[in-house]
Amino acid sequence: MSINKVILVGNVGRDPEVRHLDSGVSVATFTLATSETYTAKNGDRVTSTEWHNIVLWRRLADVAEKYVKKGKQLYIEGRIRTRSYEDKEGQKKYVTEIYGDVMKLLGTKETQPYQPPEGPTKPEFKPPVAEENDFTVEGGDDDLPF
């Protein structure tokens, strides 16, 4: 058994570039920066940033096109993929990408304004209010083993 699972929380480095394939499938690509800060031996605080190439397909790509912007904080869950290609000089190049399966917009209401979903909305569920006598049990025989 093997597992290829990545979880990232970081900031978007550039607005998503979205393509629509002939088949109608959407593909969004953008970069995500994750940073860690530590104290070096000499006492200086050092921040190390890693850049990740994110690829989102279909519905996630459509959502990214509408809501993801440079600087936004995102949660991405997905898997690592490495592909190769030949550049103009015939040199073989490798690219490592994160194919996202889950994306969540993070941040406070000030940084992430609420945007209602498109289409019909569901009616709000209101649980019934319990009355004092709602929890009386009649009879003593039931199928419980204890």
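Residues numbered from 1 in each chain as written. Predicted model: local features only at pLDDT ≥ 70, side-chain atom pairs only at ≥ 80, totals over all residues. Heavy atoms only, no water.

1. A few points about the nonpolar core
Phe-30, Leu-32, Ile-54, Leu-56, Leu-74, Ile-76 and Met-103 are the most contacted members of the largest nonpolar core, which totals 17 residues. Elements that contribute at least two residues to this core include exactly strand S1 (6-12), strand S3 (26-39), strand S4 (45-57), helix H1 (58-67), strand S5 (73-86) and strand S6 (92-105). The contacts of Leu-32, once residues within four sequence positions are left out, are Leu-8, Gly-10, Asn-11, Val-12, Gly-13, Glu-50, Trp-51, His-52, Ile-54, Leu-74 and Ile-76. (Core = buried A, V, L, I, M, F, W, Y, C linked by side-chain atoms within 4.5 Å. Buried < 20%, exposed > 50% of the residue type's maximum accessible area, 1.4 Å probe, protein only. Helix = DSSP H or I, 4+ residues; strand = E, 2+ residues; numbered from the N terminus. Contact = heavy atoms within 4.5 Å.)

2. As for the pairing of S4
Here 13 bridges tie S3 to S4, and the two strands are oriented antiparallel to one another. Its bridge partner lying in S4, Leu-32 is registered against His-52. In this antiparallel pair of consecutive strands, S3 and S4, the connection spans five residues, and Gly-43 shows a positive phi of 95°. For S4 and S6, the ladder comprises three bridges, and the chain directions are parallel. Note that in S6 the partner of Val-55 across the bridge is Tyr-99. (Pairing = 2+ DSSP bridges.)

3. Points about the packing of aromatic side chains
Each aromatic ring pair is characterised by the separation of its centres together with the angle its planes make. Applying the stated rule across the entire model yields one aromatic pair. Centroid distance Trp-57 to Tyr-99: 6.3 Å. Interplanar angle 45°. Geometry classified as tilted. Residue Trp-57 is found in strand S4, and its partner Tyr-99 is found in strand S6; the two are separated by 42 residues along the sequence. You can call Trp-57 partly exposed: its relative accessible area is 31%. The ring of Tyr-99 carries the charged tip of Arg-81 above its face, separated from the ring centre by 5.3 Å. Positioned over the ring face of Tyr-75 is Lys-104, at 5.5 Å from the centre of the ring. (Phe/Tyr/Trp six-rings, centres within 6.5 Å; stacked < 30°, edge-to-face > 60°. Lys NZ or Arg CZ within 6 Å of the ring centre and 35° of its normal.)

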